[in-house]
Amino acid sequence: MSTLTRRHLLRRAALSATSATAAGTGLGATTTAAVVGTAGGCDDPDESAADPDTAAAPAGPLRFPPDFGWGAATSAYQIEGAAKEDGRGESVWDTFSRTPGRVRNGDTGDVAADHYHRWRDDLDLMRDLGLRSYRFSISWPRIQADGTGAPNQRGLDFYRRLVDGLHERGIAPMATLFHWDLPQALQDAGGWESRDVAHRFADYADAVFRALGDRVPVWLTINEPKTVVQNGYLSGHHAPGRQDPDAAYLVAHHLQLAHGLAVQALRAVGGAGRIGPAFNLHPCYPADDTPEAAAATRLYDGYENRLYLDSVLRGSYPQDVLADLGPDSRMVRGIRDGDLAVISAPVDLLAVQYYTPIYVTAGGGTVRRWPTSEADWQQIYPDGMYDILTRVTRDYGPIPLTVTENGLPTPDVLGADGTVDDAGRIDFLRDHLAAAHRAIGAGVPLESFHVWSLLDNFEWAEGYDQRWGLVYVDYPTQHRVLKRSAHWYRTVIARNGL
Ligand code: FCB
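The structure displayed is predicted, hence computed values, not measured ones.

Caption draft 1: Up close: the overall build of the chain. Counting its regular elements, the chain contains 19 helices and 13 strands. Burial statistics for the chain: of 498 residues in total, 64% are counted as buried. As displayed, the chain offers around 16700 Å² of accessible surface, 52% of which is attributable to carbon and sulfur atoms.

Caption draft 2: Seen up close, the sheet that holds strand E4 (residues 218–223). An order of E1-E2-E3-E4-E5-E7-E10-E11 is seen for the eight strands of this closed barrel, with the pairing classed as parallel. In this sheet, neighbouring strand axes are inclined to one another by 25° on average, regardless of whether the strands run parallel or antiparallel. For strand E5 (residues 274–280) and strand E7 (residues 350–353), the ladder comprises three bridges, and the chain directions are parallel. Within the sheet, the bridge partner assigned to Asn280 lies in E7 and is Gln353.

Caption draft 3: Expanded view of the packing of helix H8 (residues 153–168) against helix H10 (residues 195–212). At a minimum axis separation of 10 Å, H8 and H10 run at an interaxial angle of 50°. One element, H8, and the other, H10, form an angle in the oblique class. Crossing hand, H8 versus H10: right-handed. Contact with H8, carried on its side by Leu156, Tyr159 and Arg160, involves Val208, Ala211 and Leu212 of H10 and no other residues of that element. Taken together, the residues of the contact of H8 with H10 break down into five nonpolar, no polar and one charged.

Caption draft 4: Representation of the packing of aromatic side chains within the structure. Summed over the entire model, instances satisfying the criterion amount to 36 aromatic pairs. Ring geometry for Phe136 versus Tyr159: centroids 6.4 Å apart, planes at 10°, classification stacked. Of this pair, Phe136 sits in strand E2 (residues 133–137) while Tyr159 sits in helix H8; the two residues are 23 residues apart in sequence, bridging distant segments of the chain. Judged on exposure class, the residue Phe136 and its partner Tyr159 are both buried.

Caption draft 5: The pattern of salt bridges, seen in detail. All chains considered together, the criterion is met by 40 salt bridges. Across the pair Arg88 and Asp94 runs a salt bridge whose closest N-O atoms are separated by 3.0 Å. For the pair formed by Arg88 and Asp94, the shared burial category is buried. Linking Lys483 and Asp456 is a salt bridge whose minimum nitrogen-to-oxygen distance equals 2.7 Å. Remark: Asp456 occurs in the loop between strand E11 (446–452) and strand E12 (471–474) and Lys483 occurs in the loop between strand E13 (479–482) and helix H19 (484–495); sequence separation between them is 27 residues. A relative accessible area of 0% places Asp456 in the buried class. Shared partners join several salt bridges into a network, and the residues in it are Lys84, Arg88, Glu90, Asp94, Arg98 and Asp110.

Caption draft 6: The side chain of Gln144, seen in detail. Among the structural elements, Gln144 can be located in the loop between helix H7 (140–143) and H8. What makes Gln144 buried here is its relative accessible area of 2%.

Caption draft 7: Inspection of the nonpolar core at higher detail. In this structure, Trp192, Trp219 and Leu389 are the most contacted members of the largest nonpolar core, which totals 138 residues. Of the residues forming this core, the biggest block, 13 residues, is contributed by helix H12 (residues 245–269). Discounting residues that sit within four places of it in the chain, Leu389 has contacts with Val352, Leu401, Val403, Ala436, Ala439, Val444 and Leu446.

Basis of the calculations
Residues numbered from 1 in each chain as written. Predicted model: local features only at pLDDT ≥ 70, side-chain atom pairs only at ≥ 80, totals over all residues. Heavy atoms only, no water. Helix = DSSP H or I, 4+ residues; strand = E, 2+ residues; numbered from the N terminus. Buried < 20%, exposed > 50% of the residue type's maximum accessible area, 1.4 Å probe, protein only. Areas by Shrake-Rupley, 256 points an atom, 1.4 Å probe, with all protein chains shown as cover. Pairing = 2+ DSSP bridges. Axes fitted to C-alpha atoms, helices over the stretch in contact; angles between N-to-C directions. Parallel < 35°, antiparallel > 145°, perpendicular 65-115°, else oblique. Left-handed = near helix turned anticlockwise from the far one by under 90°. Contact = heavy atoms within 4.5 Å. Nonpolar A, V, L, I, M, F, W, Y, C, P; charged D, E, K, R; others polar. Phe/Tyr/Trp six-rings, centres within 6.5 Å; stacked < 30°, edge-to-face > 60°. Salt bridge = Lys/Arg side-chain N within 4 Å of Asp/Glu carboxyl O. Core = buried A, V, L, I, M, F, W, Y, C linked by side-chain atoms within 4.5 Å.

Structure (structure tokens):
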């Protein structure tokens, strides 16, 4: 990897998602061919900004397709708590959050939103909102305390109750197998730098598929491999807290391999559910109109998006990224014959998580163009949702898409009248949903949308400081309060549109 690229990626990682400072549809008939735009990820920001459809606030009702999957998302470590119950082992996030200076205020996920005990009430909340889909993650160390061996029945039972409870309430479960809580014992054995961990993941996935495969219609393999790479191994502000670029991209390869092995495991057990990866994709735009900025943007896009998309959907890693990493990099040396065939085992859908665009300068650095949220890595740019969804369909074909995360942290306060007025979240979601609606109109096969997040939760290195939920959690009492955005979202779902 060039020094320049490494420096900028490190800087980028510091700004990356979940970064920290603690240390009638109205859509008309559409086809894929209708999807248009600039090629190869170097999207021109001015193009969409100039489009009167995108510039204007949505006028009139925007109806989504019938059966659109209105949802919300969470992850195990961020909400469950019960860190030591029912045979759960330690994960890298237990270790990391208990290490002084790693997480703001020394917060940990030990209790979180106590969802492990309050899941029934939380499911009732989801039903009351009218959710049709709920994306959650399964905690690997609840299923295998040290990441290997026979599954822990008590762990499996928890998720079985959860899944059955969702079905009873008419909500489709969408289960993520890995949302960053690697068993600590596997980290001690090398973590994702070890190729063996990809095989351990496949064994874990196999155990979960055997237990729940008849009742989970959609599986997601690995949440945001890029964030593990960038935040866990480049900037080091996520577990396991490393700063080692050479290791980082070997980790990327093993995460991709783990994904492919899990897809194969589902097919092998004959699971009826559909399966795909969950990628946080960032539309990358040149910061100016120089050829140098265009070239730098192209490479940046390779690291941000194509590394993950191409390997799964085209069976190859992008040549520009491999060339930039260099033949002696641990990643390039770690790719074995047949790996890309495993990684590109056919998937049924692709989960897209969109939070922010990136603007790349001629020198390969980044600049900000739009106001940021409370999360300083997040520029608020709804058209980026349209750009990234249409780009995926344009470049990779009509694979079904689901948005599995999109949301905003706001400085929510529980008022004396018992309400939480998060108007900013409503504006954000309205604008991003309108952009998603436009993408559907342009031919993108988007089947569902999940707000991040259902509940306020443990926001990784930010601890409990940032509140991302539709539902306010009063942590001292664990009392839940529907924020104004939750009431708004319920109306959106009931109307099937904006
Ligand atoms: C994503 C993570 C999710 C949450 C949001 C804000 O990158 O997948 O767990 O932290 O960011």
